[in-house]
Amino acid sequence: MNSKILNSLIEIVGKKNVLTSKEELFAYSYDALHFETSLPLAVVIPNSVEDISKIFYLANEEKFGIVPRGSGTGLSGGAIPTKNSIVLLMNKWKNILEIDENNLTATVESGVITGEFQSIVESKDLFYPPDPGSSMICTLGGNCAENAGGLRGLKYGVTKNYILGMEVVLPNGDITFLGGKNVKDVAGYNLKDVLIGSEGTLCIFTKLLLKLLPKPQTQKTMLVTFENIFDASKTVSDIIKAKILPSTLEFMDNVTVKSVQNFTKINLDTTANGTLLIECDGNKFQVDEEIETIKNICKINSAIKVKIAETYDEVVMLKSTRKSAYASLARSAQQVISEDVVVPRSELSKIVEKIQTISKNNDIPVGIFGHFGDGNIHPLCLLQSKKIDENKLEKMLNEIYEATISLGGSITGEHGIGLAKKDFLPKAVGDISISFMKSLKNVLDKNDILNPGKIFSPKTRCEGYLPKNIEQIKNFETQLWI
Ligand SMILES: Cc1cc2nc3c(=O)[nH]c(=O)nc-3n(C[C@H](O)[C@H](O)[C@H](O)COP(=O)(O)OP(=O)(O)OC[C@H]3O[C@@H](n4cnc5c(N)ncnc54)[C@H](O)[C@@H]3O)c2cc1C
């Protein structure tokens, strides 16, 4: 980085808030998408919204990129720095500014950890439903940028359903607040919904105004095992046909369950090919009735075993099976690639079977788990070597996307496009949508300074730039800093 830019950044945020050591740059060179990494020019921690605005002015003048980052748990590479970019680190913005019990809203800074926020509002008998599997580490800003889903999507929806307003900094340096506490508001275009899910390419979220619900009176959790995936998936359809919306309706295949059992040692049935984690919440009478109906539906669909948690410890144990799926599978392989496809719920057993066949044909094992209630599954490709045969992997992933699209699905339900899927996006959404998205980006960010190279920008922006291993990173760093 040239010293003029470095000095200007230091002038804006202070010396201690501009990280430039090798170790620090390396620590912010990747996110949870394992296989693409690169070094930022610097990591910058803003003190205020005005700092961010000034950094945008500087970036537009000096033409460097800004890559926003929350906790770096994203699974599509959205927080990975691309060429000639700084990382703008938002995870220090941790204040909960207001919990308004009259309007059932909360105002937070965007670096607040989702799980911590959930616990705080629950202690006031309030409830913030979006519950990504990473809730104990990810930030609310990152959730907003990815429109994160999670384990309660079927009944409660996803992050966008809980964002009433936002303070944002636009790429030209403008600071504005969109939305507000009004339950209804149709004044002009719905700009806030354009920004939600924009993967850090259209604005920086600095504050969020979140909608809260009253905390459900009670909840009941059950784990059900099936001999085959078809029975598990039919059970999901039958539960919904019975007009029950469980707060959680999650699936794990046999590979995942075996791996979770190895990791947690909690006596899971490792012979089952389909396991469902189901939770209902609401008032006690309604929950008891729903659980009873679900139990019967499971029996009709030949469930092997229905385990209903009787104590709080059992609830925690059953839930931990699904929440530890990713970590358990990741431990069983040298490297994992997490996929995220979504299909209409009626096609769930077909997509699972197709992915299992694709996995066998390509000789890359997968563990499949996910939010069956939303039709959203996460096949985790389990690579047994640090060295990836990228052609083979790309072929397999393309086959998974093709299979998903052929069933009327989408190539991402919640993890986003980022770097991981941008080559496939035009095929998934079509040229007109791509051109619409690019026009929006161009209006807001004509110099392409905010998270460049993500979602749909030309591949060339990153080509030849992303080092693939530590040796390459070392060499690349030398080129940058000399
Ligand atoms: C074990 C595990 C389980 C997961 N489970 C789920 C799940 O159930 N559901 C789900 O949806 N996702 C899940 N994820 C993915 C990930 O946790 C989410 O995408 C999450 O929203 C990312 O938050 P983060 O703070 O880590 O953001 P980061 O990874 O830091 O960033 C994600 C994107 O948001 C942008 N961004 C971050 N902060 C801001 C900001 N303040 N302003 C503007 N842009 C910003 C970044 O540039 C990047 O493009 C999981 C990940 C892991 C590792």
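Source: prediction; values computed, not measured. Note on numbering: residues in each chain are counted from 1, in written sequence order. In keeping with the predicted nature of the model, local features appear solely for residues at pLDDT of at least 70, side-chain atom pairs appear and are counted solely at 80 or more, and the whole-chain, interface and lining totals rest on all residues. The basis for every side-chain value is the complete set of heavy atoms in the structure, and neither hydrogens nor water enter the calculation.

(A) Molecular detail of the site of the ligand. To be near a molecule or strand, a residue needs just one of its heavy atoms within 4 Å of it. The immediate surroundings of the ligand are formed by 35 residues, with Pro68, Gly70, Thr73, Ser134 and Thr139 found nearest. For the purposes of these results, a polar contact is taken to be a pair of N or O atoms within 3.5 Å, where, inside protein, one atom must be able to donate a hydrogen and its partner to accept one; residues adjacent in sequence count only when each atom of the pair is a side-chain atom. For the ligand, an oxygen atom lies 2.9 Å from a polar atom in the backbone of glycine 149. Within the side chain of glutamate 414, a nitrogen or oxygen atom sits 2.9 Å from a nitrogen atom of the ligand. For the ligand, the protein covers 95% of the area, taking 970 Å² as the surface of the free molecule. The rule is simple: put a 1 Å grid over the protein atoms alone, call a set of points where a 1.4 Å probe fits but cannot get out a cavity, call an open set with protein on both sides within 12 Å along at least five of seven lines a pocket, and count a residue as lining if it has an atom within 4 Å of a point. Throughout, a molecule is located in a cavity or pocket provided that more than half of its atoms lie within 2 Å of its grid points. The cavity where the ligand resides is the largest pocket. Numbering of helices and strands runs from the N terminus, with a helix taken as a DSSP run of H or I at least four residues long and a strand as a DSSP run of E at least two residues long. The dominant element in the shell around the ligand, judged by the number of residues it contributes, is helix H5 (residues 140-146), at five residues. Exposure was quantified through the Shrake-Rupley algorithm and a 1.4 Å probe, taking into account, for residues, occlusion by the shown protein chains and nothing else.

(B) Quick look at the packing of helix H8 (residues 229-241) against helix H10 (residues 284-300). Their axes nearest at 9 Å, the elements H8 and H10 cross at an angle of 140°. Here H8 and H10 pass one another in a crossing that is right-handed. Counting all contacts with H8, which are made through Thr235, Asp238 and Ile239, the residues of H10 involved are Ile294, Ile297 and Cys298. The class makeup of the residues in the contact of H8 with H10 is four nonpolar, one polar and one charged. Convention adopted: a line fitted to C-alpha atoms gives each axis, helices being fitted over their contacting stretch, and angles between N-to-C directions are expressed from 0 to 180 degrees. Each crossing gets its hand from how the near helix is turned against the far one by less than a right angle, where anticlockwise is left-handed and clockwise is right-handed. Contacts are residue-level and defined by heavy atoms, with any inter-residue pair within 4.5 Å sufficient. Each residue receives one of three labels: charged for Asp, Glu, Lys and Arg, nonpolar for Ala, Val, Leu, Ile, Met, Phe, Trp, Tyr, Cys and Pro, and polar for the others, Gly being one of them.

(C) How the structure looks around unusual backbone geometry. One non-glycine residue, glutamate 199, lies in positive phi territory at about 55°. Take glutamate 199: it is sitting in the loop between helix H7 (191-195) and strand E10 (204-211). Throughout, exposure labels follow a simple rule: accessible area from a 1.4 Å probe, protein chains only, divided by the maximum for the residue type, with under 20% read as buried, over 50% as exposed, and the rest as partly exposed. For glutamate 199, a relative accessible area of 9% puts it in the buried group. Although it is not a glycine, isoleucine 455 sits at a positive phi angle of roughly 65°. With respect to the helices and strands, isoleucine 455 occurs in the loop between helix H16 (431-444) and helix H17 (470-481). For isoleucine 455, a relative accessible area of 8% corresponds to the buried category.

(D) Quick peek at the layout of surface pockets. For the largest pocket, the calculated volume is near 960 Å³. Thr73, Gly74, Leu75, Ser134 and Cys138 are the residues nearest the centre of the largest pocket, which is lined by 47 residues in total. Only strand E3 (65-69), H5, E10, helix H11 (312-323), helix H12 (325-331) and strand E18 (366-371) provide two or more residues apiece to the lining of the largest pocket. The element contributing the most residues to the lining of the largest pocket is H5, with five residues. Class assignment for the residues of the lining of the largest pocket results in 18 nonpolar, 22 polar and seven charged. Grid points are joined across faces, edges and corners, and a volume is the space filled by probe spheres set on the points.

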